[in-house]
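Single-letter residue listing:
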Amino acid sequence: QAQGINFRVNGLDQQFRQLFPNDLNSVLRGNAQVTAARTRLDTAMAAYRQTMGVQAQVVENVAADARTLDALAARSQGAEGALAAQQTTNQLLALAAKQQFQIQNMMAAQYRAETTEAARRAQEETDARAAAKRFLGTGQAYTPRN
């Protein structure tokens, strides 16, 4: 279960715009800015935690799959008749498909984490530009007296 920005297409744009408005005019002030930055950081950390969880699960599954593969290979060697050999082949194909799904899940989680982090960095740059613009103002703050 993904936390932060999820994997569902419905609502993805809204979630993304909410976390990363990337609009100088809508930049928040004070505590709201700190809260928004903290939410973005929490979202990025949740994506990394989920990625690490998926990766850990894949690593655990590899050990179990290796044992399954050994058992299937042994059964295939001792298979008598075409049906037994075909069943072993089907089980090997199912194992290969399972491993492909795990790789796809791991890649999706990793790319999600990387994308969230890149968006967070881009939003920080936008916030910094807006803060600098507010600080500098119009340039009319000082009027020399003659």
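Residues numbered from 1 in each chain as written. Predicted model: local features only at pLDDT ≥ 70, side-chain atom pairs only at ≥ 80, totals over all residues. Heavy atoms only, no water.

Visitor: Please provide a residue-by-residue account of the overall build of the protein, values included.
Guide: A tally of regular secondary structure across the protein gives three helices and zero strands. When the helices and strands of the protein are read in sequence order from the N terminus, they spell out α-α-α. Within the protein, the fraction of its 146 residues that count as buried is 23%. A separation of at least 24 residues holds for 75% of the contacts in the protein among residues at least 6 apart in sequence. Counting only carbon and sulfur atoms, one obtains 56% of the accessible surface of the protein, whose full area is about 10600 Å². (Helix = DSSP H or I, 4+ residues; strand = E, 2+ residues; numbered from the N terminus. Buried < 20%, exposed > 50% of the residue type's maximum accessible area, 1.4 Å probe, protein only. Contact = heavy atoms within 4.5 Å. Areas by Shrake-Rupley, 256 points an atom, 1.4 Å probe, with all protein chains shown as cover.)

Visitor: An account of helix 3 (residues 82–136) is needed here, citing residue identities and associated values.
Guide: Within an α-helix, residues lying three or four positions from one another point in the same direction, as the helix has 3.6 residues per turn. When the terminal C-alpha atoms of helix 3 are compared, their 80 Å separation across 55 residues agrees well with the 81 Å that a helix rising 1.5 Å per residue should span. Phi turns positive, to about 65°, at Gly137, one or two residues after helix 3. (Expected span 1.5 Å × (residues − 1).)

Visitor: Could you give an account of the confidence of the model for the protein, with specific residues and numbers?
Guide: With 75% of its residues at a pLDDT of 70 or more, the protein has an overall mean of 75. Mean pLDDT values over the elements of the protein span from 64, in helix 1 (residues 12–19), up to 83, in helix 3. (pLDDT = per-residue confidence, 0-100.)

Visitor: Please set out the pattern of salt bridges residue by residue, giving values where relevant.
Guide: For the coordinates displayed, the defined rule picks out six salt bridges. The partner of Arg38 in a salt bridge is Asp42, and the shortest N-O contact between them spans 3.0 Å. Placement of the pair is Arg38 and Asp42 together in helix 2 (residues 30–77), with a separation of four residues, close to one helical turn. Overall, Asp42 belongs to the partly exposed group, its relative accessible area being 35%. Residues Arg120 and Glu124 are paired through a salt bridge, measuring 2.4 Å at the closest nitrogen-oxygen approach. Highlighted residues: Arg120 and Glu124, both in helix 3, separated by four residues, approximately one helical turn. By relative accessible area, Arg120 is classed as buried at 14%. Linked through salt bridges whose partners overlap, the residues forming this network are Glu117, Arg120, Arg121 and Glu124. (Salt bridge = Lys/Arg side-chain N within 4 Å of Asp/Glu carboxyl O.)

Visitor: Tell me about a nonpolar patch on the surface, and name the residues and values.
Guide: Together, Ile103, Met107 and Tyr111 make up a nonpolar patch on the protein surface, roughly 280 Å² of accessible area in all. Given a relative accessible area of 41%, Met107 falls into the partly exposed group. (Patch = residues over 30% accessible without salt bridge, like charges linked within 9 Å, V, L, I, M, F, W, Y side chains within 5 Å.)

Visitor: Lay out the environment of Ala118 in plain terms, naming residues and giving numbers.
Guide: With respect to the helices and strands, Ala118 occurs in helix 3. Looking at Ala118, the relative accessible area reads 35%, which means it is partly exposed. Ala118 sits 74 residues away from Ala44 along the chain, and the two C-alpha atoms are 9.3 Å apart.

Visitor: Break down the side chain of Asp65 for me, with residues and values.
Guide: The residue Asp65 is located in helix 2 in this model. On the basis of relative accessible area, Asp65 is assigned to the buried category, the value being 3%.

Visitor: Quick rundown of the environment of Thr68? Include the residues and the values.
Guide: Inspection of the secondary structure puts Thr68 in helix 2. Distance from Thr68 to Gln91, taken between C-alpha atoms, is 9.5 Å for residues 23 residues apart in sequence.

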